[in-house]
Amino acid sequence: MTKSSKISSGGITVCFEQKFQQSDMARQHGHLRNKLWSTWPPSSQRVDPCWVDLIYLSTQEDMQIWPHRFELRVRVILSAGRLKLFPHVRNIDTVPFSFTLSLRNYFTVSDISEVRIEGLETLDYIDNKLHRRRATEQADALTFDEEIDRSYLNTPNKLVIIDHGKKRTYVLTKGGLPDAVIWNPWGKCGQAYETMLSVDSAIFERPLTLQPNQAWRGSQEIRIVASSYCSGVLDPATVLHNFG
């Protein structure tokens, strides 16, 4: 989303029209990763509550990579303890097209070995580290003691990321984004892996098809609450109080 040709990681990357089966990084992230987007309202205008629309219209250059005309919008709403994103794809072409999309969330954590993700138990996943081998999650919660690069299929609308070191819980709630990708490179990125975790809200197993002038809308919310887990069990009363 910058004028620079240099690609950087962090925050939330909007990955559109990805090729998950390819190893090329640009394809994994989609070709819009380092493109210049427009914003609305203008930055000089004060808005309450705090929100902004990020807007991208396909160009002739994009057509050489992916031959379809589209409009992609992401509304971002920020408030205390929560961040909401609403991706919106419109087909402005004269023919149908199918697409994949993900919101790649990079979390800063205390120590990856102190982190667990709940909500993935018994789900099928594709192990990208093992030549896209299909498997089923057997653990009650996903923990990290080696490189993890998995694409979970047909996930629930809510995933919980528990950081015991920070005594903090991230609750990721999503709509229209049925899949999830979990990644930590372990030793491949030096010591940086110790304090990072990537969790995607995604559409990849079954690409969506839009007819001309048809639109799709999705949603994602990340909430931060104080950890209220004991042996992996969430205290609903505490969570509801903190979410209020």
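About the criteria used
Residues numbered from 1 in each chain as written. Predicted model: local features only at pLDDT ≥ 70, side-chain atom pairs only at ≥ 80, totals over all residues. Heavy atoms only, no water. Salt bridge = Lys/Arg side-chain N within 4 Å of Asp/Glu carboxyl O. Helix = DSSP H or I, 4+ residues; strand = E, 2+ residues; numbered from the N terminus. Pairing = 2+ DSSP bridges. Axes fitted to C-alpha atoms, helices over the stretch in contact; angles between N-to-C directions.

A. Region of interest: the pattern of salt bridges. The tally for this structure, following the rule as stated, stands at 13 salt bridges. For Lys35, the salt bridge is made with Glu61, and the minimal N-O distance between the two is 3.4 Å. Residue Lys35 is found in the loop between α1 (25-29) and β2 (38-40), and its partner Glu61 is found in helix α2 (residues 60-65); the two are separated by 26 residues along the sequence. With a closest N to O distance of 3.8 Å, Glu221 and Lys84 form a salt bridge.

B. Fine view of the pairing of strand β7 (residues 115-118). Of the strand pairs in this sheet, β7 and strand β12 (residues 158-163) are connected by four bridges, and their pairing is antiparallel. Across the sheet, the residue bridging to Val115 is Asp163, located in β12. In this structure, β7 lies alongside strand β10 (residues 142-143), joined through two bridges in antiparallel fashion. Looking across to β10, one finds that Arg116 is bridged to Thr143.

C. Spatial organisation of the sheet that holds strand β11 (residues 148-152). If you trace the seven strands from one edge of the open sheet to the other, you get β1-β6-β15-β14-β11-β8-β9, paired in antiparallel fashion. The open sheet is flanked by β1 (12-16) and β9 (133-136), the only strands paired with a single partner. Sheet twist, expressed as the average angle between the axes of neighbouring strands with direction ignored, equals 25°. Two elements, strand β8 (residues 124-127) and β9, share four bridges in a ladder whose sense is antiparallel.

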